[in-house]
Amino acid sequence: MLVMMHAQASAEQIAAVCRKIEEMGYKAHPIPGSMRTAIGITGNRGPVEAAPLEAMPGVAECVPVSKPYKLVSREVKEETTVIDLGDGAAIGGTEIAVIAGPCAVESREQAFAIAAAVSRAGARFFRGGAYKPRTSPYSFQGLAEEGLRILRDVREEFGLKIVTEAVDGESMGLVEHYADVIQIGARNMQNFPLLRLAGRASKPVLLKRGISATLDELLMAAEYILAEGNYRVILCERGIRTFADHTRNTLDLSVIPAVKRLSHLPIIVDPSHGTGRREKVLPLSRAAVAAGADGLLIEVHHRPEEALSDGYQSIVPEDFALLMAQIRRIASVLERTVAPA
Ligand code: PEP
Ligand code: MN
């Protein structure tokens, strides 16, 4: 259930309703909107009794939530959530957030060379895995904490915000410490203990859609994170497994308007994993922006033929600059912007 407060409700009235909800044995989630605050209730096994809450000062109404997910739902919050990381870097606002960098951090030289290039082209976020969930146990698994230290130095040097993946409890603690955004990979979208840990972290979470996850499953996975109290979640479409064999995955851009209808969370698109082929990244980036994505996640490598992972889907810096120039023009049609080069 949702407790909708009056637009003029005071902070004390909101706090009193939250206290009452906790006294009733539930968890309260105050979610401020532009017009009014909604308070989500979780932890109830059956229906919540509305009468004691409806009688409280500042309460406009109690509304049952019609969806299985509650806190991620647009019913809770009309406007899209903007995740603001400072220094002009935000996800979900008017500016389209571009997260670029190699699949994996391989060395300091590699990370710095790519960071210099993507920063010059206008990216505000740098990505690179220090922990890599690989299909084969014999493939490069990432530099672990050494990789995180390199990422921290990239932030220092270029002012880029750092997005990197956590794969388990141990890496979660380290990624939370070093990064600006914690990535949960497709293979872990339904790793519920990991989602709960992310929900208790102090940094925003980029949640990638599972390889065969439905939209409901993606939203329920996000709900795990919000239910723990971390409301800063970004969804990411990264392609799903279908019968199509001309592409590594099928990039499901139709999920963008579907998410926008159901949830207030921002959604970005990863056409690199979504297609698995370098030459498809530019056209599908254009399409993602045109379809309303709040951002892009792009794998970029200055020497893709030497990359330790995902080289065949990484674009070179020159093509990344072209991509940025093209989406800047497409964004303007939608009255959105892309950071300048
Ligand atoms: C990645 O972003 O490098 C990655 C491993 O992505 P996914 O989890 O979508 O496969
Ligand atoms: Mn990759």
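Residues numbered from 1 in each chain as written. Chains lettered and ligands numbered in written order. Predicted model: local features only at pLDDT ≥ 70, side-chain atom pairs only at ≥ 80, totals over all residues. Heavy atoms only, no water.

(A) Quick look at the packing of aromatic side chains. With the rule as written, the count across this model stands at two aromatic pairs. Measuring from centroid to centroid gives 5.6 Å for Phe-112 and Phe-158, while their planes differ by 65°, and the two rings are edge-to-face. Within this pair, whereas Phe-112 is found in helix α3 (residues 108–121), its partner Phe-158 is found in helix α4 (residues 145–158), the two being separated by 46 residues in sequence. Both rings, one in Phe-192 and one in Tyr-224, keep their centres 4.5 Å apart while their planes meet at 20°; by these two values the pair is stacked. In this pair, Phe-192 sits in helix α6 (residues 192–199) while Tyr-224 sits in helix α7 (residues 215–227), placing the two residues 32 residues apart along the sequence. (Phe/Tyr/Trp six-rings, centres within 6.5 Å; stacked < 30°, edge-to-face > 60°. Helix = DSSP H or I, 4+ residues; strand = E, 2+ residues; numbered from the N terminus.)

(B) Fine view of the pairing of strand β11 (residues 205–208). Covered by surrounding structure in β11 are Val-205 and Leu-207 together with Leu-206 and Lys-208, the residues of both alternating faces. In this sheet, β11 lies alongside strand β10 (residues 181–184) in parallel orientation, the contact comprising three bridges. Across the sheet, Ile-182 pairs through a bridge with Val-205, a residue of β11. Handedness of the crossover joining β10 and β11 through α6 is recorded here as right-handed. As paired strands, β11 and strand β12 (residues 233–237) are joined by four bridges and run parallel to one another. Residue pairing for β12: Val-205 is matched across the bridge by Val-233. Taken together, β11, α7 and β12 form a β-α-β motif whose crossover is right-handed. (Buried < 20%, exposed > 50% of the residue type's maximum accessible area, 1.4 Å probe, protein only. Pairing = 2+ DSSP bridges. Right-handed = clockwise from strand over helix to strand, strands pointing away.)

(C) Highlighting the pairing of strand β9 (residues 161–165). Burial runs high along β9: five of the five residues are buried. Side chains of β9 alternate between two faces, with Lys-161, Val-163 and Glu-165 and Ile-162 and Thr-164 buried alike. Of the pairings in the sheet, the one linking strand β8 (residues 125–127) to β9 comprises three bridges and is parallel in character. Looking across to β9, one finds that Phe-125 is bridged to Lys-161. Where β9 lies against β10, three bridges are found, and the strand directions are parallel. Residue pairing across strands places Val-163 opposite Val-181, the latter belonging to β10.

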